[in-house]
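Spelled out, the chains give:
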Amino acid sequence: LNLNAQAFTDTLLILHGKKPIGGPRSLQNSPFHSPTRILSPVDLHHQFLCHDGDGERDTNANISNFSHPPTPKLSRRSSRRNLARRSLANSVVNLTEEQQEEAVAQAQSLLDEKEAELTKRLEGFQSSRPRELTPYESKSLVALLHSNDKEKIARTLVTISNCAAFTRNQDSLREAGILVRLPSLLAGPDRSVQLAAVMACANLALNTGNMKEMEQAVVVLVLLADDRARDLDLEFLSNTLLALTNIAVLPDWHHQFHPLLPRLLQLWHSAPNTIKFQSLRLLINLACNDETIPHLLAAKTDGGLVQMVARSTPEDQLLRSSTLL
């Protein structure tokens, strides 16, 4: 692995008009020499991408620089610019609208033909540990979401949440059409189905390809989080905020969060600690986007900032609040 890394380093140096790193190529330390340090991604960024063209330096100078890379200067403004560039527009190509409709039709057809078999397969999933799914198994789980049995749908969503720990399953479930089905389940009247759907959203959102197709789910999740009638249902509210926090890692759907900002600020000021911390995590993600800042500053709230950074504030809460500010 070290040899391959050194060869990779030399190739990059040559491509950027520099001489390969000299020195011994031994991979073991000895009384006479030590192995040359291999470039890290930070070195690549600072030595190549940010090089100002001072002219070539000698080999010994290169070795010295690579051994002691400059400490990168962190900037809030630059981090926001970097976030803006991390758009889903450059991510994987997902299902077209026609392919989504076809996936829904196939799932409904599969349920109509083999519901008994699919239910038995679901019981097998529940009695075993989560694992990577085959494409047919992913389609089977999505097909069960079209059932009329609410309890079966809730059990299927819990199984999907568990299986979504695997990246491959996140992709195969998307291809099977789950993201087309989730918004209607989130908006349904059954709490157990809604909660299971929220948890599934939270886990499926840990995938860039899935996030690209979750705008409709975001719209429903924002409405659920803004529902004051759920203030006493802390489990549901906490999971809803968690799902939105995961989706808000990238800025593409941040514009859908603007109506929720006053509610998040209110939760930050007056909600129980579990909800308060989750609201702060979501607010911090949103505040990393320059386009969201004006809406955040314009949002009205009853509480003041002074009490959120007072000396009497618990240390962990103070840290999160200061991070947001």
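Keep in mind that this is a model prediction, so the values were computed, not measured.

Asker: Could you clarify how one ought to interpret the packing of helix H13 (residues 234-247) against helix H15 (residues 273-287) in this entry?
Answerer: At a minimum axis separation of 9 Å, H13 and H15 run at an interaxial angle of 15°. Our classification of the angle between H13 and H15 gives roughly parallel. The handedness of the crossing between H13 and H15 comes out as left-handed. For the pair H13 and H15, contact is made by Leu234, Leu237, Ser238, Leu241, Leu242, Leu244 and Thr245 and by Thr274, Ile275, Gln278, Ser279, Arg281, Leu282 and Asn285, respectively. Residue classes in the contact of H13 with H15 are distributed as seven nonpolar, six polar and one charged.

Asker: Explanation requested: helix H8 (residues 167-175) in the structure shown.
Answerer: In an α-helix, one turn spans 3.6 residues; hence positions three or four apart end up facing the same way. Turning to H8, its buried residues are Asn169, Gln170, Ser172, Leu173 and Arg174. Its buried side turned inward, H8 meets helix H6 (135-144), helix H7 (150-163), helix H9 (178-186), helix H10 (191-204) and helix H11 (208-211). Looking one or two places after H8, you find glycine 177, whose phi comes out positive at around 100°.

Asker: Quick question: what am I supposed to make of the packing of aromatic side chains here?
Answerer: Evaluation of the coordinates by the stated rule reveals zero aromatic pairs. Sitting over the ring of phenylalanine 236, arginine 230 keeps its end group 4.2 Å from the ring centre.

Asker: Just to check I follow, could you spell out the side chain of histidine 254 for this structure?
Answerer: For histidine 254, the position within the fold is in the loop between H13 and helix H14 (261-270). Side-chain polar atoms of histidine 254 contact the backbone oxygen of leucine 250, separated by 3.2 Å. Here histidine 254 is in contact with Ala248, Asn285, Leu286, Asn289 and Thr292, once residues within four sequence places are set aside.

Asker: Quick question: what am I supposed to make of the packing of H15 against helix H17 (residues 315-324) here?
Answerer: Pairs of packed helices are described in terms of their axes, by the angle between the two and the distance that separates them. Viewed as axis vectors pointing N to C, H15 and H17 meet at an angle of 25°, and their least axial separation amounts to 9 Å. One element, H15, and the other, H17, form an angle in the roughly parallel class. Helix-helix and strand crossings are classified by hand; for H15 and H17 the assignment is left-handed. Where H15 approaches H17, its residues Asn273, Lys276, Phe277, Leu280, Arg281, Leu283, Ile284 and Ala287 are matched on the opposing element by Asp316, Gln317, Arg320, Ser321, Thr323 and Leu324.

Asker: Help me understand the pattern of salt bridges, please; the structure alone is not making it clear to me.
Answerer: Working definition: two side chains of opposite charge can pair if their charged atoms are close together. One pass over the full model with this rule turns up twelve salt bridges. A salt bridge links aspartate 171 to arginine 174, with the shortest nitrogen-to-oxygen separation between them at 3.1 Å. Placement of both aspartate 171 and arginine 174 in helix H8 is noted, with a separation of three residues, approximately one turn of the helix. Judged by relative accessible area, aspartate 171 falls into the partly exposed class, the value being 25%. A salt bridge links glutamate 235 to arginine 191; its shortest N-O distance comes to 3.4 Å. Residue glutamate 235 is found in helix H13, and its partner arginine 191 is found in helix H10; the two are separated by 44 residues along the sequence. The class of glutamate 235 is partly exposed, set by a relative accessible area of 45%. Among the charged side chains, a network of salt bridges with common partners joins Glu117, Arg121, Arg131 and Glu137.

Asker: Looking at this structure, how should I read the nonpolar core?
Answerer: For soluble globular proteins, nonpolar side chains are generally found buried alongside one another. With 72 residues, the main nonpolar core has Leu157, Ile178, Leu182 and Leu221 as its most contacted residues. The element that contributes the greatest number of residues to this core is H10, accounting for nine residues. Residue contacts for isoleucine 178: discarding those within four places in its chain leaves Val142, Leu145, Ile160, Leu173 and Leu204.

Asker: Quick question: what am I supposed to make of the confidence of the model for the protein here?
Answerer: Detail in the predicted coordinates should be disregarded across regions flagged by low pLDDT. Residues at a pLDDT of 70 or more form 68% of the protein, whose mean pLDDT is 77. Taken as a whole, residues 24-79 scores under 50 in pLDDT and shows 65 contacts with residues more than four places along the chain or in a different chain. Here residues 84-93 is a poorly scored stretch, pLDDT under 50, and it has 20 contacts once near neighbours within four places are set aside; other chains count.

Asker: Would you take a moment to explain the environment of serine 138 for this structure?
Answerer: Inspection of the secondary structure assignment puts serine 138 in helix H6. Among the residues examined, serine 138 registers a relative accessible area of 0% and is labelled buried.

Rules used throughout
Residues numbered from 1 in each chain as written. Predicted model: local features only at pLDDT ≥ 70, side-chain atom pairs only at ≥ 80, totals over all residues. Heavy atoms only, no water. Axes fitted to C-alpha atoms, helices over the stretch in contact; angles between N-to-C directions. Helix = DSSP H or I, 4+ residues; strand = E, 2+ residues; numbered from the N terminus. Parallel < 35°, antiparallel > 145°, perpendicular 65-115°, else oblique. Left-handed = near helix turned anticlockwise from the far one by under 90°. Contact = heavy atoms within 4.5 Å. Nonpolar A, V, L, I, M, F, W, Y, C, P; charged D, E, K, R; others polar. Buried < 20%, exposed > 50% of the residue type's maximum accessible area, 1.4 Å probe, protein only. Phe/Tyr/Trp six-rings, centres within 6.5 Å; stacked < 30°, edge-to-face > 60°. Lys NZ or Arg CZ within 6 Å of the ring centre and 35° of its normal. Polar contact = N/O pair within 3.5 Å; in protein donor to acceptor, adjacent residues only side chain to side chain. Salt bridge = Lys/Arg side-chain N within 4 Å of Asp/Glu carboxyl O. Core = buried A, V, L, I, M, F, W, Y, C linked by side-chain atoms within 4.5 Å. pLDDT = per-residue confidence, 0-100.

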